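Here's the letter readout for the chains.
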Amino acid sequence: DASNSDIPFARLISPRIDPTMAAAAAARAYDLVVWGGSGFTGRLAAEYLARRYTPGSPDPNSKGSSEPVRWAIAGRDRAKLESVRESIEAKHPHAKGKIDILIGTNDDPASLESVACVANTVLSFAGPFAICGAPIVDACVKCGTDYCDITGEPTFIRDTIDRHDAVAKSAGVKLVSCVGYDSVPWDIGAFAVAKHFRDNGDECVGAVGHAGAARGGVSGGTIASAINLMETTPWDVLKRMGSPFFLSPEGDSSKATTAARSRWKTQSSWRFDEDVGRWTMPSVMAGINTKVVARSWAIDASGVYGDSFKYDESDICSGRFAAALGTAALTAFGAALMFPPTRWLLKNHVLPKPGQGPSEALREGGFANIYVVGVGAKNGDKAVAHVEFKGADPGYKGTAALAVEAALCMALPSERAKLPEGGGCLTPATALGTTLVDRMNASEHFAVDVKPLADAAIRG
C-alpha cells in the first residue's frame, strides 16, 4: 500500500501555494486521486479507472497501454477502501497491486494536504458536500492541486467561490464542480451549440436544454444532499437560490443585469415545445443546471456565448397529461421537502438512503439523451447539441465515468496543456470545453454532436 507517510514528496510542498507548482506537477506520485473511493459512485469511478486506464486490462476499450493513468483511491476509512480494492482486483485481476490507498480525515488538515499534494488532480465523490466537502477543497487550494467533484449543491459551490476563487485564480488552480450528470450534459451541451454558431459566423442568443428518453435509478446521495440543503439553508438564501445567477459574479463587472435577469426565465409549468415537438414539464434538475450554465456565460472569456445569450430547461414528456401530472408531482415533492414533518417521512421511509443505488443490471443497461436547442442571431437558424449516455445509467455508472473523463482533462499533463489558461472556480464548459467533448466522444459510454435541428431525431 502507499500510505501517506510513505510518500516524502507530500512533505516537501510548501503550505502556501507555490507558483512553480504546475511545473512540479509531473513529479507528483499520482495523476488522479479519487477522494471518497469507498462510496457507491466513488467505487464505480475506481472500477472504471481499473478497467479503462490501468495497464494490462483485457477490455477492448482499454487505454491502459496508450494512456495509462497513475491513480489511487482515498478516504477516511482504510478498511472500507481495502474492501473496495479487493473487489476490484477480484473483478479485474490485471489491477492487482496497482491500486494504492491514501488516508485523510476532515479533522486533520495535514492528512488531507498529504493526499492533495501527491496528486495532479483530486476528484471528490464525498457528499453531502455542504457537510463534508470543504476540507479537501481547502487542501487542494493550499497544495496547488486541481480539483473537481460531482456535487449538485448550489450553496456548497457558492461557498467555494466566495472562499477560494480569488486565490485559485492567482495560482492558476482549477476548481470545477458539477462534473457528473449534474451538470455536464447541459453545460457542455449549451457550450457546444453556442460554439457551433460562433464557428459558423453567427451568435447563439438562446438555448433550451431538454431531458429526453432515459433509463436509470434514483440516487440516494443526491436525495440526501437535497434534504440537507433544505434542512440547513436559511430562508433568505433559499430565496436567492431561486435565481439562475446565484453562482454568477456580482458587482460592477457582473453580467447579471436587469435586462439579463428578464431574459433568463425558467419554465415553471407544462407546455408544448415547438422545437422538440413534445409536451414538456419543468426540469427536475434546473435548480442546479441553470445556475451552472449562467456561470459559464458570465465568466466565459472566449466569446462563445455572446452578450445576449439566455438559457432555459425542461423535461420531455410522453403527452399533455403526463406533462401536467409530472408538473404536479414535482411541485408536491418540492413542497414536501419544505416542511419538517413530511421531509422526515420522506427521508426515513420513502426515499433511498445514501450509498444505495440501482442494480448492476440497471446501471449497465441505462442510458440518457439530453438535447440543447440553440437559436442563432442572424436568421433565427436552430441547431441542437445531443449528449448521449450509452450502456450506463446517468446517475451512477454514467456519472462515475463522466467525472473521471472530466478529471483526466486536468490530471494528464498532455490534456491539461489543451485547456484554456487560468484558474479559479470554473464550470465544466469554461474549464474543460472541447477537451472534455473529445474525451466523451472517445469513450464508449458517451457521444456529443451538434447538427441543424431539422436533421435531428429527438428521443423523448
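For the structure, check the block above.
The following refers to the structure shown. (Residues numbered from 1 in each chain as written. Predicted model: local features only at pLDDT ≥ 70, side-chain atom pairs only at ≥ 80, totals over all residues. Heavy atoms only, no water.)

A few words now on the overall build of the protein. Of the regular secondary structure elements, the protein holds 20 helices and 14 strands. The C-alpha radius of gyration computed for the protein amounts to 21 Å, which stays within 12% of the reference 23 Å derived for 460 residues, consistent with globular compactness. Seen through its principal axes, the protein has C-alpha atoms that stretch 60 × 50 × 50 Å. Across the 460 residues in the protein, those meeting the buried criterion constitute 55%. In the protein, 78% of the contacts between residues at least 6 apart in sequence involve partners at least 24 apart. (Helix = DSSP H or I, 4+ residues; strand = E, 2+ residues; numbered from the N terminus. Rg over C-alpha atoms; globule rule 2.2 N^0.38 Å. Buried < 20%, exposed > 50% of the residue type's maximum accessible area, 1.4 Å probe, protein only. Contact = heavy atoms within 4.5 Å.)

Taking 1.5 Å as the rise per residue, helix 3 (residues 40–53) with 14 residues should run 20 Å; its terminal C-alpha atoms sit 20 Å apart, in good agreement. Among the 14 residues of helix 3, 12 are classified as buried, and the element is accordingly described as predominantly covered. Residues Phe40, Thr41, Gly42, Leu44, Ala45, Ala46, Tyr48, Leu49, Ala50, Arg51, Arg52 and Tyr53 constitute the buried set of helix 3. The inward-facing, buried residues of helix 3 contact strand 1 (30–35), strand 2 (71–75), helix 4 (78–91), helix 16 (360–365), helix 17 (397–411) and helix 20 (433–442). (Expected span 1.5 Å × (residues − 1).)

Mapped onto the elements, Phe333 comes out in helix 14 (residues 320–338). When the C-alpha atoms of Phe333 and Val122 are compared, they prove to be 34 Å apart, with 211 residues separating the residues in sequence. In this structure, Phe333 is in contact with Ile223, Leu346 and Leu351, ignoring residues within four places of it in sequence.

Further remarks concern the packing of aromatic side chains. Each aromatic ring pair is described using two quantities: the centre-to-centre distance and the angle formed by the ring planes. Enumeration over the complete set of coordinates arrives at 12 aromatic pairs. Taking the centre distance of 5.1 Å and the plane angle of 85° together, the rings of Phe389 and Phe446 count as edge-to-face. Within this pair, whereas Phe389 is found in strand 12 (residues 382–389), its partner Phe446 is found in strand 14 (residues 446–452), the two being separated by 57 residues in sequence. Phe389 gets classed as buried once you look at its relative accessible area, which sits at 1%. A relative accessible area of 1% places Phe446 in the buried class. Aromatic rings pair up to connect Phe245, Trp264, Trp297, Tyr305 and Phe309 into one cluster. (Phe/Tyr/Trp six-rings, centres within 6.5 Å; stacked < 30°, edge-to-face > 60°.)

Quick look at the pairing of strand 5 (residues 146–149) now. The alternating pattern of strand 5 places Asp146 and Cys148 and Tyr147 and Asp149 on opposite faces, both of which are buried. Each parallel crossover has a hand, and the one from strand 5 via helix 8 (residues 154–171) to strand 6 (residues 174–176) is right-handed. (Right-handed = clockwise from strand over helix to strand, strands pointing away.)

This brings us to the sheet that holds strand 6. Pairing in this open sheet of seven strands is parallel, and the strands run 3-2-1-4-5-6-13 from one edge to the other. A single partner strand is all that each edge strand has here, and the edge strands are strand 3 (100–103) and strand 13 (424–426). Here the average twist between neighbouring strands, direction ignored, is 25°. (Pairing = 2+ DSSP bridges. Axes fitted to C-alpha atoms, helices over the stretch in contact; angles between N-to-C directions.)

By definition, a disulfide is the covalent link that joins the sulfur atoms of two cysteine residues. Counted by the stated rule, this structure contains one disulfide. Through a disulfide, Cys117 is tied to Cys143; the S-S separation comes to 2.0 Å. Taking the sign of the torsion about the S-S bond as the criterion, the disulfide between Cys117 and Cys143, at about -85°, is left-handed. With a gap of 26 residues between them, Cys117 in the loop between helix 5 (109–116) and strand 4 (119–124) and Cys143 in helix 7 (residues 134–143) connect regions that are remote in the sequence. Of the two residues, Cys117 and Cys143, both sit in the buried class. Between Cys148, a free cysteine, and Cys409, which holds the nearest cysteine sulfur, the sulfur-to-sulfur gap is 9.0 Å. Residue classification places Cys148 among the buried positions, given a relative accessible area of 0%. We note that Cys178 lacks a disulfide partner, and the nearest cysteine sulfur, in Cys148, lies 11 Å from it. (Disulfide = S-S within 2.5 Å.)

This part takes up the packing of helix 9 (residues 184–199) against helix 13 (residues 286–299). The N-to-C vectors of helix 9 and helix 13 enclose an angle of 35°; their axes lie 9 Å apart at closest approach. The hand of the helix 9/helix 13 crossing is right-handed. Taken together, the residues of helix 13 that come into contact with helix 9 (itself represented by Trp186, Asp187 and Ala190) are Asn289, Val292, Val293 and Ser296. Partitioned by chemical class, the residues of the contact of helix 9 with helix 13 number four nonpolar, two polar and one charged. (Left-handed = near helix turned anticlockwise from the far one by under 90°. Nonpolar A, V, L, I, M, F, W, Y, C, P; charged D, E, K, R; others polar.)

A separate point is the nonpolar core. If you look at the biggest cluster of nonpolar residues, it comprises 125 residues, and the most contacted ones within it are Val33, Ile73, Leu123, Tyr147, Val179, Phe309 and Tyr311. Setting aside residues no more than four positions away along its own chain, Val33 makes contact with Ala72, Ala74, Leu102, Val115, Ala119, Thr121, Val122 and Leu123. Among the nonpolar cores identified, the runner-up in size contains seven residues, and Val276, Tyr371, Val384 and Leu453 belong to it. (Core = buried A, V, L, I, M, F, W, Y, C linked by side-chain atoms within 4.5 Å.)

Right, let's talk about the packing of helix 5 against helix 7 for a bit. Where helix 5 contacts helix 7, the two axes come as close as 8 Å, and the packing angle between them is 60°. When the axes of helix 5 and helix 7 are compared, the pair comes out oblique. In this structure, helix 5 meets helix 7 at a crossing whose hand is right-handed. Contact with helix 5, carried on its side by Leu112, Glu113 and Ala116, involves Pro135, Ile136, Ala139, Cys140, Lys142 and Cys143 of helix 7 and no other residues of that element. (Parallel < 35°, antiparallel > 145°, perpendicular 65-115°, else oblique.)

Keep in mind these numbers describe shape, not what the thing actually does.
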